[in-house]
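Residue-level listing of the chains:
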Amino acid sequence: MPPDGWTPSKRRIPGRRLRGFSFLLLVPLLFGSLALPAANNVHPVGADELADAQARQAKLAKQLAAQKAQVAQIAALQAELGQAITSTKVALNGINTDLVAVRKSIGKMVVQINTVRAEYEGLVSQLEVLDLQLQRLEVEEAQKVIDLAKRKATLADRIRTAYDTDRTTLLETFLSGGSFTDVIAEVSYIDDFAEQDKRLAEQIVADQATLATIHATAEATRVQTDAMRVETAAQKVELDKHLGELKAAQAQLKELERRTAAALKIQKAAYAKILANKKNLAKAIAATAAAKRALASKISDLIAKQYSQGNIPSQYNGTLAWPMPGTVTQDFGCTGFAWEPPLGSCAHFHQGIDIVAPAGTAVRSSGAGRVAYCGWNYADGADPAWIVIIAHSSHLDTWYAHLKPICPVQTGGAVKSGQVIGREGNTGHSTGAHLHWAVRYNGEFVNPRLFL
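By convention here, each chain's residues receive numbers from 1 onward along its written sequence. The predicted origin of the model limits local features to residues at a pLDDT of at least 70 and limits the giving and counting of side-chain atom pairs to 80 or more, whereas totals for whole chains, interfaces and linings rest on all residues. Side-chain metrics rest on all non-hydrogen atoms present in the structure, leaving aside hydrogens and water.

Chemist: Can you walk me through the overall build of the protein chain in this structure?
Modeler: Looking only at helices and strands, the protein chain has six helices and 12 strands in total. Scored against the burial criterion, the 452 residues of the protein chain give a buried share of 41%. Going along the chain from the N terminus, every DSSP run of H or I of four or more residues is numbered as a helix, and every run of E of two or more is numbered as a strand. Relative accessible area decides the class of each residue, using a 1.4 Å probe on protein chains only: under 20% of the type maximum gives buried, over 50% gives exposed, and in between gives partly exposed.

Chemist: I would appreciate a short explanation of the environment of R449 in the present structure.
Modeler: Mapped onto the elements of the fold, R449 is located in the segment after strand 12 (444-446). In this structure the C-alpha to C-alpha distance between R449 and F332, which are 117 residues apart in sequence, comes to 8.6 Å. In this view, R449 contacts T97, D98, W322, V328, D331 and I353; residues no more than four positions away in its chain are not counted. It only takes one pair of heavy atoms within 4.5 Å for two residues to be counted as in contact.

Chemist: Got a minute to help me understand the environment of K298 in this structure?
Modeler: Mapped onto the fold, K298 is located in helix 6 (residues 278-308). Given a relative accessible area of 43%, K298 falls into the partly exposed group. When the C-alpha atoms of K298 and A372 are compared, they prove to be 10.0 Å apart, with 74 residues separating the residues in sequence.

Chemist: Looking at this structure, how should I read the pattern of salt bridges?
Modeler: Opposite charge on two side chains makes pairing possible when the charged atoms of those side chains draw close. Definition used for salt bridges: Asp or Glu carboxyl oxygen within 4 Å of a side-chain nitrogen of Lys or Arg. Scanning the model with the defined rule gives 10 salt bridges in all. Salt-bridge contacts for R258 lead to E255; the nearest nitrogen and oxygen are separated by 2.7 Å. One end of the pair is R258 and the other is E255, both in helix 5 (residues 180-275) and three residues apart, which spans about a single turn. Exposure remark for R258: the relative accessible area of 48% places this residue in the partly exposed category. Owing to a relative accessible area of 33%, E255 belongs among the partly exposed residues under this scheme. Salt bridges here are not isolated pairs; linked through shared partners, they connect D131, D226 and R229.

Chemist: What am I meant to see in the nonpolar core here?
Modeler: Definition of nonpolar core: a set of buried residues of the types Ala, Val, Leu, Ile, Met, Phe, Trp, Tyr and Cys, connected through side-chain atoms within 4.5 Å. Within the largest apolar cluster, 26 residues are counted, with the highest numbers of intra-cluster contacts made by V363, V388, I390, Y400, L403, I421 and L435. Not counting chain neighbours up to four residues away, the residues in contact with L435 comprise P323, M324, I353, D354, I355, V363, Y400, A401, L403 and E424. If you look at the next biggest cluster of nonpolar residues, it comprises 17 residues, including L77, I85, V102 and Y120.

Chemist: Any chance you could explain unusual backbone geometry here in plain terms?
Modeler: Phi at H402 takes a positive value of approximately 75°, unusual for a residue other than glycine. Tracing the sequence through the fold places H402 in strand 8 (residues 396-403). Although it is not a glycine, N442 adopts a positive phi angle of roughly 55°. Relative to the elements of secondary structure, N442 occurs in the loop between strand 11 (435-441) and strand 12. Take N442: its relative accessible area is 46%, and that puts it in the partly exposed class.

Chemist: Before we go on, may I ask you to explain the state of the cysteines in this structure?
Modeler: Covalent bonding between the sulfur atoms of two cysteines is what defines a disulfide. When two cysteine sulfur atoms are found within 2.5 Å, that pair is recorded as a disulfide. The full count for this structure, using the stated rule, is two disulfides. For C334, the disulfide goes to C346, at an S-S distance of 1.6 Å. Taken together, the residues C334 in strand 2 (residues 333-334) and C346 in the loop between strand 2 and strand 3 (349-350) connect sequence positions 12 residues apart. Given the relative accessible area of 11%, C346 is considered buried. The cystine pairing of the protein chain, numbering bonded cysteines in sequence order, is 1-2, 3-4.

Chemist: How should the side chain of T327 be read in this particular structure?
Modeler: For T327, the position within the fold is in strand 1 (residues 327-330). Discounting chain neighbours no more than four positions away, the residues touching T327 are N96, R259, T260, D354, I355 and V356.

Chemist: Is there a simple way to think about the pairing of strand 7 (residues 386-391) in this case?
Modeler: Put simply, side chains in a regular strand alternate between the two faces of the sheet. Counting buried positions over the six residues of strand 7 gives six, a clear majority of the element. The alternating pattern of strand 7 places W386, V388 and I390 and I387, I389 and A391 on opposite faces, both of which are buried. At least two bridges found by DSSP between two strands are what make those strands a pair. The pairing of strand 6 (residues 369-376) with strand 7 spans six bridges and is antiparallel. Bridge pairing in strand 7 links G375 to I387. Looking at chain direction, strand 7 and strand 8 are connected through six bridges and run antiparallel. Bridged to I387 within strand 8 is A401.

Chemist: So what exactly am I meant to see when it comes to the packing of aromatic side chains here?
Modeler: Between two aromatic rings, the relevant description is the distance of the centres plus the angle of the planes. The criterion for an aromatic pair is that two Phe, Tyr or Trp rings (for Trp, the six-membered ring) have centres within 6.5 Å, with stacked assigned to planes under 30 degrees apart, edge-to-face to planes over 60 apart and tilted to the rest. Applying the stated criterion across every chain yields a total of five aromatic pairs. Here W376 and W386 contribute two aromatic rings whose centre-to-centre distance is 5.1 Å and whose plane-to-plane angle is 90°, an arrangement assigned as edge-to-face. Taken together, the residues W376 in strand 6 and W386 in strand 7 connect sequence positions 10 residues apart. Its relative accessible area of 26% is what places W376 among the partly exposed residues.

Chemist: Can you help me understand the confidence of the model for the protein chain in this one?
Modeler: Should pLDDT be low for a region, the predicted coordinates there are not to be read in detail. Confidence of the predictor at the level of single residues is captured by pLDDT, which takes values from 0 to 100. Residue-level pLDDT values for the protein chain average 77, and 75% of them are 70 or greater. Across residues 1-45, confidence stays below pLDDT 50; counting only partners more than four residues off in sequence or on other chains, it has 62 contacts. Across residues 166-171, where pLDDT falls below 50, the model places 18 contacts with residues more than four positions away in sequence or in other chains.

Chemist: Is there a simple way to think about the side chain of Q70 in this case?
Modeler: Here Q70 is to be found in helix 2 (residues 47-93). For Q70, a relative accessible area of 18% gives the class buried. Apart from residues no more than four positions distant in its own chain, Q70 is found in contact with E119, G122, L123 and Q126.

Take a look at the structure:
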């Protein structure tokens, strides 16, 4: 007998139906307690959504790796540019600047700056792309949270309805006179209800996996965006610094070029009188070349004597240094100055380096050695130049011409590198106060820059 107060409407689904719902009772425990209103729209399981989210995650990871490589590339370019700027600064601040080399260096720096600027602008564009991607991911994540909450609420509501709605058992349906069709319909309803709940639960599981993937992707994007924003700002500071240094180098080069041009103008004006008479010019060139050959022959004999006495080594062990700071007005090699003698394939060839500084500037020995000669170069004729020649070895000697007629160190005396051996003057066939510095190696005049 049923207990007092029992009515069919209060009965719960026994047996197989309770076992069918035992899985559903676990769902709220798995997905958390829910208090949201029920939603009616139930979509198919989102396997495709999860696959799409995972594909986007992999694509973004590849994109972030490429951006990190781009940042590393910019950093490497900035480092290379910094080295070029440092080298150019050293050259510009040297006592005698090779203007041709500095021009090339600054030209290269301009190209490097433009390359870095282009890379930086690309980095800024990438940062904007990341910001947009992050915004889309945040919107998608928020929507997915809402969708998941709705599905959880729907499932919870369906479970509550299954247990709260009055429903008769199969036996009650049969005993109450219901037809077999009613029994079949009841069974079909229960099976359909369980299948819908199963699909909804599977959808929730898939949604959670998709949401986790979207969240991880958003977090990675957020971290990379923050890192790139910091790196972009740092690269901008570095780029601005290099731009400032480039402008300073260009201004310094321009000033050196102005000073060089001014010195050359004085030299050209002094030679203009000679150039007006080609016959006199040819005689002057021939006389100068003959004087240099005669003096070189004499110096070779003096050096051989010093070597035989053990005063100089057979080889010079070291490098040479600039003898005087100033502006290089004429370098070693082929030149457009008509007063220089021909040599090889050059119609006019300058066999030393001309340096201009304030008159009386100290001239120092380019290296350790012994004074081979200090005095007038009488081979020049009626207007000889005062010249000092230092023998550094039996094969290497340096020449210092147009000096004031003084000998701080007498012929045969030993000198140290950097020791004062004279003062810049304007003696001989000179176009103004300057130093003609030459290096002779194995009896031939060579480019002094090769020994610096």
